[in-house]
Protein chains: 2
Amino acid sequence: MAEKPKKPQKLRARLPRGLADRGPAELAATRAMVETIRAVYERYGFEPVETPAFEFTDALGKFLPDQDRPNEGVFSFQDDDEQWISLRYDLTAPLARYVAENFDQLPKPYRSYRNGYVYRNEKPGPGRFRQFMQFDADTVGSASPAADAEMCMMAADAMEALGIPRGSYVVKVNNRKVLDGVMESIGLGGEENAGRRLTVLRAIDKLDKFGLGEVARLLGPGRLDESGDLTDGANLSDEQIGVVLTYVQGGDKITVEFEARDRVRERPRVTVNIDTGHGSPPVDDPGAPFDYYDNESRVERMRRTLADNALYHAGLDELAEISRLCASSGYSQHQISVDPSVVRGLEYYTGPVYEAELTFTVSDDKGQPIQFGSVGGGGRYDGLVGRFMAENTPATGFSIGVSRLLAALRALQGPEAPRPLGPVVVLVLDRDQIGRSMAQAATLRAAGISAEVYLGASGMKAQMKYADRRKSPCVVIQGSDERDKSEVTLKDLIAGSAAAAAITDRAEWTESRPAQVTVAEERLVEEVRAILSRHE
Amino acid sequence: MAEKPKKPQKLRARLPRGLADRGPAELAATRAMVETIRAVYERYGFEPVETPAFEFTDALGKFLPDQDRPNEGVFSFQDDDEQWISLRYDLTAPLARYVAENFDQLPKPYRSYRNGYVYRNEKPGPGRFRQFMQFDADTVGSASPAADAEMCMMAADAMEALGIPRGSYVVKVNNRKVLDGVMESIGLGGEENAGRRLTVLRAIDKLDKFGLGEVARLLGPGRLDESGDLTDGANLSDEQIGVVLTYVQGGDKITVEFEARDRVRERPRVTVNIDTGHGSPPVDDPGAPFDYYDNESRVERMRRTLADNALYHAGLDELAEISRLCASSGYSQHQISVDPSVVRGLEYYTGPVYEAELTFTVSDDKGQPIQFGSVGGGGRYDGLVGRFMAENTPATGFSIGVSRLLAALRALQGPEAPRPLGPVVVLVLDRDQIGRSMAQAATLRAAGISAEVYLGASGMKAQMKYADRRKSPCVVIQGSDERDKSEVTLKDLIAGSAAAAAITDRAEWTESRPAQVTVAEERLVEEVRAILSRHE
């Protein structure tokens, strides 16, 4: 199409990248979802609290994942006293500030929830927005793994309350202490190894997607994908990679052997050996995959490795406790599942971390399978409140990505329910009689019926089209004849369009005037109600 | 109090000025209010749509009131492609962008509503925040005064739905064309007089507060208030002031005479003469105040002045039409009231403007009367969508200041309803038995009862205090004795505290153990329900 010459005075109506408007269907679905989650959280004794959209930049801190450049990731501006202010990038850092500021007034432990928009100054992409809604719950002031276990149970309850059947979701749980123990044991402890640690964690995070062999490449010399793109590796030794994979696979001893590490662009061969021959209790089926075991047995299997790493085993103790508590409250390993490959990107986590994942697959328009994967996650962040306070204040929390979960729910539930009926539309045949039309609409509304007057300048035909577009169940018509006799004509648009479909002859149509009735004006409310009751 | 020595590592937990956190009571009240307004707007056929928190700065435009410095009033930052982006300062400018962007997909006229936070980079003060919530409704695509009349009616309905009795609110309506006509007639038309016009409009806006004499000073040499502060005047001549006051008083001819204009610091005497001797129809009671007349008569009175100003009379024609439509739909001048002193600050208004004002007075803590005044307003902004489009697209909208209205409602309704009961608290007497406590809480929740386990590390006494603080109706206790017998003890905290108040003797207390019952664990749900049912 040829471009029209620009009119220089006119602005282009468009949004900045990574932002979106939300229409009636999405807003209604979001509201319903938020109300369902709210009900679950309140049943757990959580109470609402909300913080503003922005905070002092230093109060938020820099805990974003994958943040290679300083000050990236957040939207910031300077206040008129030159202090830096940032839009919140999550709901956790502001909560930590809130709790520290109101510490003495709050019950301890303090359970709270909130939903709201967060803002990320990142490169937007498909399904990746710069403003999106999170729904968070946090327990501050409890160091007990019971608080983490409760978060996992509550996440599972929320998924089921939203109509996601058992088996179609799983809440995976792991522990940062366990991961840190693994890092220590391969010599990657300490501040100076933070960058390499991150590369290892990212590789672990890919286990679900790539499997052991490709993760071994990411831990070793690097990985060349099908498109020819090279992802740099963590350059661990074969032995170090063996330790990481043994851990990530859940305790079966794994050894790896790379050929020609220096020729990474030729995808050097890597051999992965899994020794499943342990056979010690509680493993009664040595060949079974990790998934086969209940959570407590999984933790026991993980104990086989890194016997002399205290941090690793302290983390496993917490995972064992969480496993026991979930089991005794009736949650199976298919609902809440110990999973050593869970990492969680945010830097502030200090203990248990958890992730809610959807496990069902739907087909997209082209029949390709889509997996929604993670729709929420969280963990323990014992240091975050303590940034503001002398006392250390343990805390744990869970955050749902509302838009992503909503997209998944819509896919799960199949085609949308048909849009609800719109308002009754009162047509305006004579502009100078619009007062009478408005009074009719007011009468209907006073009776609790949604009704509007046509406010445009077009004629009868366009008004009927407008009513169709509004999905109006019924229009009210009063021409001069009807007005003189204090009558109104009501047209049932739903019955009318069904009848129209059945009638093929124009004369018959004019004759029969389907689904149309003329009644005394004083009977307006009753007659409209009668039409509406047919379509409820 | 002596300041403690600072620990340099700790951040101070505080919010930037003009921002506030919101707790459970405020959030619940806001939610209830928003739901009520939403129901009214949906009954009028309005549908929800939401836009993001920020927009391109040029899309928002600069229409803020009292904006003496460029770029003041909004929070802005540069995107990485160097384009300026601003946080929205109202919900109208983003809607105009939305409509222009989606014009072909929308029904016309297009009625929509939305609520959300807006952001103003202004000096905060008491009750003046930099983030606050607005609830807007807009009709785009109708040039008819019927659309403005509908907004006024809907505003009145919203006030009444919120429980504000008739007579305790008024929706005032005026017209920018009328105001512009007055400006023209005193020679203040044209771009070059924009600053002086603003001073005149601000003076008119003060009529309710100050009365005619003080407004005359603001229109003339300036006004010295009781504290000795001087507000500069618009420096109109006596004759010009007479024209403005005649208008603002509703048509009775007013003349003014200043003595010693140059000695403004001595508060020069000003004589205001009102000639009420018109007596021409429809004025049947020439001495009656303007408020006495119904809206149509008010407009007729206003027609007496500025006979040769076409703009003024075009504005009055629209006001007359709005008056007739409101009256024929059953709204009296006590609900929707033509008021020549209504100005509205935003620059983009082009026709009818309206303002919802609360007229009741409450007493503050010190017995001083408080008036809440304006809680919302709006008007016609025919040029705003047209900034983006070749076609001019008429529009009119109304915006409620949610926080201010909420404060007024709370004052009107008197003391808050008592905080609703909190969750049942399951105490934890033996930390290693917390799994059993969690299972009990899960059982209660599965039965729809809000319940939580105490997750802290403190003993029995602190746990009871915690339950009190949570306003728990009932605690569940299971010591080792009870556990061995598969029993639980339930303590009714409400009955208990009533009984405790009646018992004065410690021995009697220990003996009678008021409001406490020990039951089989399997009867947990039934027995808790029995306690809850006593306090519903």
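What this report covers is the structure whose coordinates are included nearby. (Residues numbered from 1 in each chain as written. Chains lettered and ligands numbered in written order. Predicted model: local features only at pLDDT ≥ 70, side-chain atom pairs only at ≥ 80, totals over all residues. Heavy atoms only, no water.)

### Some details on the overall build of chain A
Worth spelling out the cut-off: For the purposes of this entry, the term helix denotes a DSSP run of H or I that reaches at least four residues, the term strand denotes a run of E that reaches at least two, and both are numbered from the N terminus. This radius of gyration counts C-alpha atoms alone. The globule rule is 2.2 Å times how many residues there are, raised to the power 0.38. Relative accessible area decides the class of each residue, using a 1.4 Å probe on protein chains only: under 20% of the type maximum gives buried, over 50% gives exposed, and in between gives partly exposed.
Helix and strand content of chain A: 18 helices and 20 strands. On C-alpha atoms alone, chain A measures out to a radius of gyration of 31 Å, which is more than a quarter above the 24 Å that the 2.2 N^0.38 rule sets for 536 residues. Along the longest, intermediate and shortest principal axes, the C-alpha atoms of chain A span 95 × 60 × 55 Å. Burial status across chain A gives 54% buried among its 536 residues.

### Re the packing of aromatic side chains
All names here are of chain A. How we decide: Between rings of Phe, Tyr and Trp, where Trp is taken as its six-membered ring, a pair exists when centres lie within 6.5 Å; planes separated by under 30 degrees are stacked, by over 60 edge-to-face, and by other angles tilted.
Per the stated rule, a full pass over the model turns up 31 aromatic pairs over all chains. Ring centres of Tyr41 and Tyr113 lie 6.4 Å apart, and the angle between their planes is 70°; this geometry places the pair in the edge-to-face category. Linking Tyr41 in helix 1 (residues 24–43) with Tyr113 in strand 5 (residues 110–119), this pair joins segments that are 72 residues apart in sequence. Each member of the pair, Tyr41 as well as Tyr113, carries the same accessibility label: buried. Taken together, a centroid distance of 5.8 Å and an interplanar angle of 20° make the contact between Tyr113 and Phe135 stacked.

### Quick notes on the relation of the copies chain A and chain B
Here is the rule: C-alpha atoms of residues with pLDDT of at least 70 in both copies form the basis for the least-squares superposition of the copies. Note on contacts: a residue pair is in contact if any heavy atoms of the two residues lie within 4.5 Å.
Expressed as a screw transformation, the operator carrying chain A onto chain B has a rotation angle of 180° and an axial translation of 0.0 Å, and the superposed copies differ by an RMSD of 0.1 Å. Considering both components of the superposition, the chain copies are consistent with a two-fold axis. Residues of chain A ranked by C-alpha distance from the rotation axis are headed by Phe77 of chain A, positioned 3.1 Å from it. Comparing interface residues between copies, 100% of those in chain A also sit at the interface in chain B, which points to an isologous, same-surface contact.

### Here we look at the interface of chain A and chain B
Quoted interface sizes are often the accessible area lost when the parts come together. So the rule is basically this: Here the quantity called buried area is the accessible surface, traced with a 1.4 Å probe, that two parts lose on coming together, added over both. Salt bridges are counted wherever a side-chain nitrogen of Lys or Arg sits within 4 Å of a carboxyl oxygen of Asp or Glu. For the purposes of these results, a polar contact is taken to be a pair of N or O atoms within 3.5 Å, where, inside protein, one atom must be able to donate a hydrogen and its partner to accept one; residues adjacent in sequence count only when each atom of the pair is a side-chain atom. Amino acids outside the nonpolar list (Ala, Val, Leu, Ile, Met, Phe, Trp, Tyr, Cys, Pro) and the charged list (Asp, Glu, Lys, Arg) are all regarded as polar, and Gly is one of them.
Taken together, the 99 residues of chain A in the interface contact 99 residues of chain B. Where chain A abuts chain B, roughly 8000 Å² becomes buried across the two surfaces, and 56% of that area is made up of carbon and sulfur atoms. Across the contact surface, chain A and chain B share twelve salt bridges. Linking chain A with chain B are 43 residue pairs in polar contact (both at pLDDT 80 or more). Broken down by element, the side of chain A that touches chain B gets its largest block of residues, seven residues, from helix 1 of chain A. Counted by class, the side of chain A that touches chain B contains 47 nonpolar, 20 polar and 32 charged residues.

### Examining the nonpolar core
Filter applied, for reference: The criterion is simple. A nonpolar core is a set of buried Ala, Val, Leu, Ile, Met, Phe, Trp, Tyr and Cys residues joined through side-chain atoms within 4.5 Å.
Within the largest apolar cluster, 276 residues are counted, with the highest numbers of intra-cluster contacts made by Tyr41 of chain A together with Tyr41 of chain B. Discounting chain neighbours no more than four positions away, the residues touching Tyr41 of chain B are Phe46, Tyr113, Phe135, Asp136, Ala137, Met154, Ala158, Phe398 and Ile400 of chain B.

### Side note on a positive patch on the surface
Just so we agree on the cut-off: Patch membership needs two things, relative accessible area over 30% and no salt bridge, and members are linked within 9 Å if like-charged or within 5 Å if nonpolar (Val, Leu, Ile, Met, Phe, Trp, Tyr). Here the Shrake-Rupley method, with its probe set to 1.4 Å, supplies the accessible areas, and only the displayed protein chains count as covering residues. In summary, the charge assignment counts Lys and Arg as positive and Asp and Glu as negative, without counting His or the chain termini. For charged residues, the charge sits on one atom: NZ in Lys, CZ in Arg, CG in Asp, CD in Glu.
Positive charge collects at one region of the surface, where Lys108 of chain A together with Lys461, Lys465 and Arg469 of chain B lie side by side. Structurally, the position occupied by Arg469 of chain B is in helix 14 (residues 460–469). We classify Arg469 of chain B as partly exposed; its relative accessible area is 39%.

### What about the environment of Asp208 of chain A?
All names here are of chain A. The topology assignment puts Asp208 in helix 7 (residues 207–210). As for Asp208 and Val342, which are separated by 134 residues in sequence, their C-alpha atoms are 9.6 Å apart. Dropping the residues within four chain positions of it, Asp208 is found in contact with Lys172, Ser341 and Glu357.

### Things to note about the side chain of Arg130 of chain A
The topology assignment puts Arg130 of chain A in the loop between strand 5 and strand 6 (131–140). Of the polar contacts made by the side chain of Arg130 of chain A, one reaches the backbone oxygen of Arg17 of chain A; its length is 2.9 Å.

### Examining the sheet that holds strand 4 (residues 84–87) of chain B
Residues and elements named next belong to chain B. Condition: Should DSSP find at least two bridges between two strands, the strands are taken to pair. The convention used is that axes are lines fitted to C-alpha atoms, helices contributing only their stretch in contact, and that angles between N-to-C directions extend from 0 to 180 degrees.
Reading across the sheet, the three strands line up as 2-4-3 and stay open at both edges, with antiparallel pairing between neighbours. In this open sheet, the two strands that pair with only one neighbour each are strand 2 (54–56) and strand 3 (76–78). Neighbouring strand axes in the sheet, compared pairwise and without regard to direction, differ in orientation by 30° on average. Bridge analysis of strand 2 against strand 4 gives three bridges, and the strand direction is antiparallel. Bridged to Glu55 within strand 4 is Ser86.

### Overview of the pairing of strand 15 (residues 395–401) of chain A
Residue and element names in this part refer to chain A. A large share of strand 15 lies buried, amounting to six of its seven residues. As paired strands, strand 6 and strand 15 are joined by seven bridges and run antiparallel to one another. For Phe135, the partnering residue across the bridge sits in strand 15 and is Ile400. Note: strand 14 (residues 369–380) against strand 15, five bridges, orientation antiparallel. Within the sheet, the bridge partner assigned to Gly376 lies in strand 15 and is Ile400.

### Concerning the side chain of Ser341 of chain A
Residue and element names in this part refer to chain A. Assignment of secondary structure puts Ser341 in the loop between strand 12 (336–338) and strand 13 (352–363). Relative accessible area serves as the criterion here: at 6%, Ser341 is assigned to the buried category. Residues within four places of Ser341 in sequence aside, it is in contact with Asn174, Ile204, Asp205, Leu207, Asp208 and Val248.

### Comments concerning the packing of helix 1 (residues 24–43) of chain B against helix 12 (residues 402–413) of chain B
How two helices sit against one another is set out by the angle between their axes and by the gap between those axes. All names here are of chain B. The following threshold applies: Geometric relationships in this document are graded by angle, where less than 35 degrees denotes roughly parallel, more than 145 denotes roughly antiparallel, 65 to 115 denotes roughly perpendicular, and other angles denote oblique.
Running from N to C, helix 1 and helix 12 point in directions that differ by 100°, and their axes come no closer than 10 Å. Overall, the two elements helix 1 and helix 12 adopt an arrangement that is roughly perpendicular. Of the residues in helix 12, those touching helix 1 at Ala25, Glu26, Ala29, Thr30 and Met33 are Val402, Leu405, Leu406, Leu409 and Arg410. Here the residues of the contact of helix 1 with helix 12 sort into seven nonpolar, one polar and two charged.

### Observations regarding the environment of Asn193 of chain B
Residue and element names in this part refer to chain B. Secondary-structure assignment places Asn193 in the loop between helix 5 (176–185) and helix 6 (194–205). Distance in space between the C-alpha atoms of Asn193 and Ala320 is 29 Å, their sequence separation being 127 residues. In this structure, Asn193 is in contact with Gly187 and Leu188, ignoring residues within four places of it in sequence.

### Observations concerning the pattern of salt bridges
As enumerated under the stated definition, the model contains 74 salt bridges over all chains in all. Put simply, Arg344 of chain A and Glu355 of chain A hold a salt bridge, and the shortest N to O gap is 2.7 Å. Here Arg344 of chain A, found in the loop between strand 12 and strand 13, pairs with Glu355 of chain A, found in strand 13; they are eleven residues apart in sequence, far enough to count as distant. Overall, the relative accessible area of 12% leaves Glu355 of chain A in the buried class. Residues Asp252 of chain B and Arg301 of chain B are paired through a salt bridge, measuring 3.0 Å at the closest nitrogen-oxygen approach. Placement of the pair is Asp252 of chain B in the loop between helix 9 (238–248) and strand 10 (253–258) and Arg301 of chain B in helix 10 (residues 295–302), with a sequence separation of 49 residues.

### Remarks on the sheet that holds strand 13 of chain A
Strand order in this open sheet of eight strands is 1-5-6-15-14-13-7-12 (chain A), and the pairing throughout is mixed. Across the chains shown, the open sheet's two edge strands, defined by having one partner strand only, are strand 1 (47–48) and strand 12 of chain A.

### Quick look at unusual backbone geometry
Excluding glycine, most residues fall at negative phi; most peptide bonds, likewise, are trans. Residue and element names in this part refer to chain A. For the peptide bond that leads from Lys108 to Pro109, omega is -5°, which places it in the cis range. Residue placement: Pro109 occurs in the loop between helix 3 (92–101) and strand 5. A positive phi is found at Lys471, a non-glycine position, where the angle reads about 55°. Within the element layout of this structure, Lys471 appears in the loop between helix 14 (460–469) and strand 18 (474–477). The exposure class of Lys471 is partly exposed, given its relative accessible area of 27%.

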